[in-house]
Amino acid sequence: MKRKGALEGLRVLDLTRVLAGPFCTMMFADMGAEIIKIEQAGTGDDTRQMGPFKNGESAYFMNLNRNKKGVTLNLKNPKGKAIFLDLVKQADVVIENFRPGTMEKLGLGYDDLKKVNPAIVYAAISGFGHTGRYSQRPGYDIISQAMSGLMSTTGWPGGEPTRTGTAMGDVLGGLSCAIGILAAVFNKIQTGEGQKVDVALVDSAVASLEIINMIYLVEGRIPQRIGNRYESTYPYDSFRGSDGSLVIGAGNDKLYVSLCEVMARPDLAEDPRFLRVRDRVANHELLKPLVEEWTSKLTVNEIYEKLSAAGVPCAPIYDIEQVVNDPHIAEDREMFVEMDHPKAGKLKVTGSHIKLSGTPSAVRTPSPTLGEHNNEVLGQLLGFTEEDLKALREEGVL
């Protein structure tokens, strides 16, 4: 029998909202996991109210919450808490992104949940993590970008520290949490024991800074904003063409020599100022105008064709319209796929970036309306009848 995806059979209770947590569970849902998204009745995930909108439905929410089942549950109500604990008994993973201590105050922290299901994997995403002196500070993407050092090295020399163009701290947190959950699930398969996965947005962004951290740790130098240039090699930067800009990544000596040959400047390959990687990094201010003297006379496409033919990595700098209409990205790699939503109608969403040959990821169902699967989930898993569910709605539990 054909499996729905590589993670079919994994049941996740998803208490997350906005971006980091929903991005994590979106990847799992695309790969076939059963994601039961539990929201507060009446309001739901904050992103239901965030644009852009299509036919009154949030595209932000629809993109991140496809392939999930939607349930409403009031965890502050004793009956709602009891229902959640019954669901935990039948789940593999619980994930939340509340401020540390919130679930513990409800009596639903990891120590509480493992009493009813010792094998449960409990994942928590927060700004600063569940341990440490900053654990109670609120955390958003922009906080993680600021305190990780990411903003301090993003932008142009002399300019203001700059947030990346997307919520990279949230995305990194979601990716990190997904990896942590999968590691914990694998360990559970081996040992039968669950554990807590504690992911901080700040930690995730700090880890992403790789060479930036090492420059300070090894040299004692504080990395600064350097535009599109890379700290460790050159020319690895953006350059102006006659009709736009592109990036060139001549990341080693061989590629640099090839670049010089294409530019008909073999003298630059032998110039002692640019002979080795370290020389070119030290003298990047001298080298960039020499490269742009060549690029500025050609169109971006002409530069791309010449350098690609010589095996020198390069690429045009796309805007989002160009990304969406690039046939390799959009069609061959299926990074934009159509979804049919009952209220919004047909719309394109971002496809799965993880390609599996035997169990491919897919967008199978649209994001749920608020509480859409209450009857299905609570009826099938806990045996609730229509009368039971009606009574729970009247009591404010659902």
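The coordinates are above.
Not measured: the values here are computed from a predicted model.

Caption draft 1: Local environment of the pairing of strand β10 (residues 245–249). Sheet topology note: the strand β9 (residues 236–240)/β10 ladder contains five bridges and is antiparallel. Considered in β10, the bridge of phenylalanine 239 is made with leucine 246. The hairpin turn running from β9 into β10, its antiparallel successor, is four residues long, and glycine 244 in that turn takes a positive phi close to 160°.

Caption draft 2: The packing of helix α1 (residues 20–30) against helix α7 (residues 168–191), seen in detail. Closest axis-to-axis distance for the α1/α7 pair is 7 Å, and the angle between their directions is 50°. It follows from the interaxial angle that α1 and α7 lie oblique. Where α1 crosses over α7, the handedness of that crossing is right-handed. The segment α1 lies against α7, with Ala20, Phe23, Cys24, Met27 and Phe28 engaging Asp170, Val171, Gly174, Leu175, Cys177, Ala178, Ile181 and Leu182. In the contact of α1 with α7, the residues fall into eleven nonpolar, one polar and one charged.

Caption draft 3: Broad picture of the environment of valine 218. Note that valine 218 resides in helix α9 (residues 210–219). Under the relative-accessibility criterion, valine 218 is labelled exposed at 65%. With 143 residues separating them in the primary sequence, valine 218 and leucine 75 have C-alpha atoms 49 Å apart.

Caption draft 4: The sheet that holds strand β7 (residues 121–126), seen in detail. Pairing is parallel across the open sheet formed by six strands, whose spatial order is β5-β2-β1-β6-β7-β8. At either end of the open sheet lies a strand with only one pairing partner, and these are β5 (69–72) and β8 (196–200). Strand-to-strand, the axes of this sheet are offset by a mean angle of 20°, without reference to chain direction. Looking at chain direction, strand β1 (residues 11–14) and strand β2 (residues 34–39) are connected through four bridges and run parallel. The residue of β2 that forms the bridge with leucine 13 is isoleucine 36. This element, α1, spans β1, β2, β6 (93–96) and β7 of the sheet and lies at about 150° to β2.

Caption draft 5: Fine view of the sheet that holds β9. With respect to topology, three strands assemble into an open sheet ordered β9-β10-β11, the strand pairing being antiparallel. Edge positions in the sheet fall to β9 and β11 (314–316), since each of these pairs with one other strand and no more. Neighbour-to-neighbour, the strand axes of this sheet turn through a mean angle of 25°, independent of strand direction. Its contacts with the sheet put helix α13 (residues 284–295) on β9 and β10, and the angle it makes with β9 is roughly 45°.

Reading the values: the criteria
Residues numbered from 1 in each chain as written. Predicted model: local features only at pLDDT ≥ 70, side-chain atom pairs only at ≥ 80, totals over all residues. Heavy atoms only, no water. Pairing = 2+ DSSP bridges. Helix = DSSP H or I, 4+ residues; strand = E, 2+ residues; numbered from the N terminus. Axes fitted to C-alpha atoms, helices over the stretch in contact; angles between N-to-C directions. Parallel < 35°, antiparallel > 145°, perpendicular 65-115°, else oblique. Left-handed = near helix turned anticlockwise from the far one by under 90°. Contact = heavy atoms within 4.5 Å. Nonpolar A, V, L, I, M, F, W, Y, C, P; charged D, E, K, R; others polar. Buried < 20%, exposed > 50% of the residue type's maximum accessible area, 1.4 Å probe, protein only.

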